[in-house]
Amino acid sequence: MSLPTVKPLSTLPPELKAALQERTERSLRDIVGANITTHYGVSVPSLSLLRQVTAGKDVKEDPTVIVDFRQAVPLTDYGCYSPFIANFFRHPCKQSELENLLAPGLPIYIAKSSSTTGNKSNLFPKYPRRLSTTPSSFAERLHLSSSGKAVHIYCLAYRELLEVMGEDGEVIKKILVCIGSCGGVRNTENWPVETDSTRMGTIMPGHVSPWATGFITHHRSFLLIHAMFALFDPTVERFLMTFLTFFADLIRYVQEDWDLLITSVRDGTIPNIGHIEHVRTYLQANFRANPQRAEELRNIGPPLNCPGWAQRVWPNLKTVLCICSGMFATLIPKARSVLGPNVLIQNIGYGCTECSIGRMLNIDDTETFVLETTDVVEFLDTSEALVHDNILQAWDLQPGKCYQPVATTEDGLWRYLIDDIIQVTGFDPRNGSPVFKFYGRKNLAIRFPFTQITEAHLVSVIRSLDTEDIAKIQEFTAVVDLRELPQTVGFFLEIIGDIGPGATAARQKAFEALVGINEDHQRAFGAGQIRLPTIRIVKPGTFAEYRLWRGESMDAGVGQIKVPIVMLNEEQQEWIAERVIVEL
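The text that follows walks through the structure, step by step, so that each part is easy to find. Note that the structure is a prediction, hence the values are computed from the model and not measured. The residue count restarts for each chain, going from 1 along the sequence in the order it is written. Per-residue local features are limited, in this predicted model, to residues with pLDDT of at least 70; the limit for side-chain atom pairs, both in listing and counting, is 80 or more; totals at the level of whole chains, interfaces and linings are taken over all residues. Water and hydrogen atoms were dropped before computing side-chain values, which therefore reflect all heavy atoms in the structure.

Side note on the overall build of the protein chain
Here's step 1: Secondary structure elements follow DSSP: runs of H or I no shorter than four residues count as helices, runs of E no shorter than two count as strands, and numbering proceeds from the N terminus. What the protein chain contains, in helices and strands, is 21 helices and 24 strands.
Here's step 2: Relative to its length of 584 residues, the protein chain is compact, with a C-alpha radius of gyration of 25 Å against a globular reference of 25 Å.
Here's step 3: Taking the principal axes of the C-alpha coordinates as reference, the protein chain spans close to 75 × 70 × 50 Å.
Here's step 4: When accessible area is computed with a 1.4 Å probe and restricted to protein chains, residues below 20% of their type maximum are described as buried, those above 50% as exposed, and intermediate ones as partly exposed. Looking at the 584 residues of the protein chain, the share that counts as buried comes to 56%.
Here's step 5: Contacts: residue pairs with any heavy atoms within 4.5 Å of one another. Taking as baseline every contact in the protein chain between residues at least 6 positions apart, the subset at least 24 positions apart corresponds to 67%. The reference for a compact globule is 2.2 Å times residues^0.38; the radius of gyration itself is calculated from the C-alpha atoms.

Following this line, the structure appears as structure tokens:
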């Protein structure tokens, strides 16, 4: 039975505002009460005023602590925490130096950010959730009751294992350093590293591939092996993964290696591909010959043979669950052509390595979120100065305006400025929480002297070009094009099929889309400050190849390889420019 559609309120009624305020302030007192006594809480100068004004108070119960917090705690960034986080990487790792560092106890794992732009990754210790027994949106989606199977495409490998030593010199805890999805899945499923060896050859209940599949760290091999086990099992009901790009790449690799995969299913042999020798034994032990299934697949043909291919291969397929909003939304038409009309493409929710922030307002809407978190999120109006005095609460927000989230978390962050922009669209009629859309990454924008082009603006331009007349766009990225003066925004597009008859007007249409967003572009063009946007088409498979290249060159976690919506790194720009086949 389908759920009724939730429609946001344009204004927040007094009773919902009061309920939202009470929930938020209860969480804030709990977080402050727990974290003010940590090594960070008792030592950093930025919290000295808070320590003074709350001295002698019952921080978890005294309501005046809310005012104290809002007046005394400044905005913070990663540099405020990095000296403390560095302690985890000093050897030996001593319990006395690491316990209660940012939050009570020791972290479960340390999450590594994606470094999409090429910068060094940030690291965020993740501690046990103490203040809520309610499962997260991610945990709920991971554990949807189903009699069928799910293809879990999550990396389980870690980058480093920290061994924390007690006073007697014995190891008292092992802490993984890994990508956030790896740590999150392991924590949700209760898969501690100490017992990894007992699971390697096991196919977990409801899964289709052995646990060891998650330890393949080469992008192509990782997806091919997942695809092989998925093709073997016709009862698959769900695909779960981090980003929709995983599904797009998986389909491309299946198309390219169709005969190899069919042969493996027929003969029950693991294909001779690289980067899997460390897990080959576990894979082979769980794979057997199935000539009948191989013949079924051969009769269906590879993915691009027919529309709705996936439902012919997996008749019970119901859902693909992944991050699919913002820049990833351009892949939905391609995924839809493979999945057919009846498979739900569902977003996991909205968050970042620092914290989880929201869940989907309606399961069939991949773009609209509602604030839901065990942490506390405040906001800064992006049209105002990003300073402490301008911080707003969730009940102060106005639909239509853009805001930057500010997070105070159970994991020990204090008014941490998240580098995202959201646009509020209303309030949830059930509990008053803000409803919003993701607008873009603040650091991934093209900045000209006369204006700024955000992620949302770039996506709007691409949607204006994504037509049968111009081209069906699969993926894109953008750069500041300085090959000629004046400068302009340049697009690299990977398209499906051929360029359309209207492609000669594409540059003008892209410019008109920018002017429709901000008239400053027209004034700048008239003043000779900018030229028409440039559009270059790259060869098919370029974006999948990019993810493979970045994974190998950076030794990055499989689950976090993304193509930035704006390429600022010169090496990345040169790499993609070499794969251009035509410029419009």
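Picking up where we left off.
A word on helix 17 (residues 455-465)
An α-helical turn contains 3.6 residues, so any two residues separated by three or four positions project in the same direction.
Here's step 1: Counting buried residues in helix 17 gives nine out of eleven residues, a clear majority hidden from the surface.
Here's step 2: Inspection of helix 17 places Glu-455, Ala-456, His-457, Leu-458, Val-459, Val-461, Ile-462, Ser-464 and Leu-465 among the buried residues, and these make up the whole buried set.

Structural notes on the packing of helix 12 (residues 258-267) against helix 14 (residues 291-300)
The angle between the axes and the distance between the axes are what describe a pair of packed helices.
Here's step 1: For helices, the fitted line uses only the C-alpha atoms of the stretch in contact; every axis is such a line through C-alpha atoms, and the angle between N-to-C directions lies from 0 to 180 degrees. Where helix 12 meets helix 14, the axes come as close as 7 Å, and the angle between the chain directions of the two elements is 155°. In terms of axis orientation, helix 12 runs roughly antiparallel to helix 14. Facing Trp-258, Asp-259, Ile-262, Val-265 and Arg-266 of helix 12, the residues of helix 14 in contact are Pro-291, Arg-293, Ala-294, Leu-297 and Arg-298.
Here's step 2: Residues are grouped as follows: nonpolar covers Ala, Val, Leu, Ile, Met, Phe, Trp, Tyr, Cys and Pro; charged covers Asp, Glu, Lys and Arg; every other residue, Gly included, is treated as polar. Per-class residue counts for the contact of helix 12 with helix 14 are six nonpolar, no polar and four charged. Angle categories: roughly parallel below 35 degrees, roughly antiparallel above 145, roughly perpendicular from 65 to 115, and oblique for all the rest.

As for the nonpolar core
Here's step 1: Buried residues of nine kinds, namely Ala, Val, Leu, Ile, Met, Phe, Trp, Tyr and Cys, make up a nonpolar core once their side-chain atoms join them within 4.5 Å. Formed by 76 residues in total, the largest nonpolar core has its most connected members in Phe-239, Trp-309 and Trp-314.
Here's step 2: Ranked by residue count, the leading element in this core is helix 10 (residues 219-232), at ten residues.
Here's step 3: Residue contacts for Trp-314: discarding those within four places in its chain leaves Ala-230, Leu-231, Asp-233, Pro-234, Val-236, Phe-239, Arg-293 and Trp-309.
Here's step 4: In this structure, Ile-31, Leu-98, Phe-369 and Tyr-416 belong to the second largest nonpolar core, which totals 60 residues.

Quick notes on the side chain of Thr-409
Here's step 1: When you line up the elements, Thr-409 lands in the loop between strand 15 (402-408) and strand 16 (416-417).
Here's step 2: The exposure class assigned to Thr-409 is buried, which follows from its relative accessible area of 0%.
Here's step 3: Residues contacting Thr-409, with those up to four places away along its chain left out, are Ile-31, Asn-35, Glu-354, Cys-355 and Asp-375.

Notes on the state of the cysteines
Here's step 1: Our working definition of a disulfide is a cysteine sulfur pair at a distance within 2.5 Å. Scanning the entire structure with this criterion turns up zero disulfides.
Here's step 2: Its sulfur unpaired, Cys-355 is 4.5 Å from the next cysteine sulfur, which belongs to Cys-352.
Here's step 3: Residue class for Cys-355 comes out buried when judged on its relative accessible area of 3%.

Examining the packing of helix 10 against helix 12
Here's step 1: Across the interface, helix 10 lies against helix 12 with an axial gap of 10 Å and an inter-helix angle of 55°. Judged by the angle between their axes, helix 10 and helix 12 are oblique. Helix 10 and helix 12 meet at a crossing whose hand is right-handed. Seen from helix 10, the contacting residues are Leu-224, Met-228, Leu-231 and Phe-232; seen from helix 12, they are Trp-258, Leu-261, Ser-264 and Val-265. Working rule for handedness: look at the near helix, and if it is turned counterclockwise from the far one by less than a right angle, call the crossing left-handed; if clockwise, right-handed.

Topic: the packing of aromatic side chains
Here's step 1: Centre distance within 6.5 Å is the pairing criterion for rings of Phe, Tyr and Trp, where only the six-membered ring of Trp is used; planes under 30 degrees apart are then read as stacked, over 60 as edge-to-face, and the remainder as tilted. In the structure shown here, the tally under the stated rule is 26 aromatic pairs.
Here's step 2: When the centroid spacing of 5.6 Å and the interplanar angle of 50° are considered together, the rings of Tyr-350 and Phe-369 count as tilted. Linking Tyr-350 in strand 10 (residues 350-351) with Phe-369 in strand 12 (residues 368-371), this pair joins segments that are 19 residues apart in sequence. The pair Tyr-350 / Phe-369 is uniform in exposure class, with both members buried.
Here's step 3: Between Phe-476 and Phe-491, the ring centres sit 6.5 Å apart and the planes meet at 50°, which makes this aromatic pair tilted. Of this pair, Phe-476 sits in strand 21 (residues 472-481) while Phe-491 is found in strand 22 (residues 488-496), placing the two residues 15 residues apart along the sequence.
Here's step 4: Judged by its relative accessible area of 0%, Phe-491 falls in the buried class.
Here's step 5: Three or more aromatic residues link up through ring pairs in this structure, and these residues are Tyr-40, Tyr-78, Tyr-81, Phe-84, Phe-124 and Tyr-416.
Here's step 6: Should the NZ of a Lys or the CZ of an Arg lie within 6 Å of a ring centre and within 35 degrees of the ring normal, that charge is described as sitting over the ring. Here the guanidinium or amino end of Arg-199 rests over the ring plane of Trp-211, the centre of that ring lying 4.5 Å away.
Here's step 7: The ring of Trp-575 carries Arg-579 above its face, with NZ or CZ at 3.7 Å from the centroid.

Side note on the sheet that holds strand 8 (residues 319-323)
Here's step 1: In space, the four strands of this open sheet follow the order 4-7-8-9, with parallel pairing throughout. Edge positions in the sheet fall to strand 4 (149-153) and strand 9 (344-347), since each has one partner strand and no second. Put simply, the sheet's adjacent strands are angled 20° from each other on average, direction ignored.
Here's step 2: Here strand 8 pairs with strand 9 via four bridges, running parallel. Among the inter-strand pairings, Cys-322 is bridged to a residue of strand 9, identified as Asn-347.
Here's step 3: Sheet contacts for helix 10: strand 4 and strand 7 (236-243); angle to strand 4, the most-contacted strand, approximately 175°. Paired strands are those between which DSSP finds at least two bridges.

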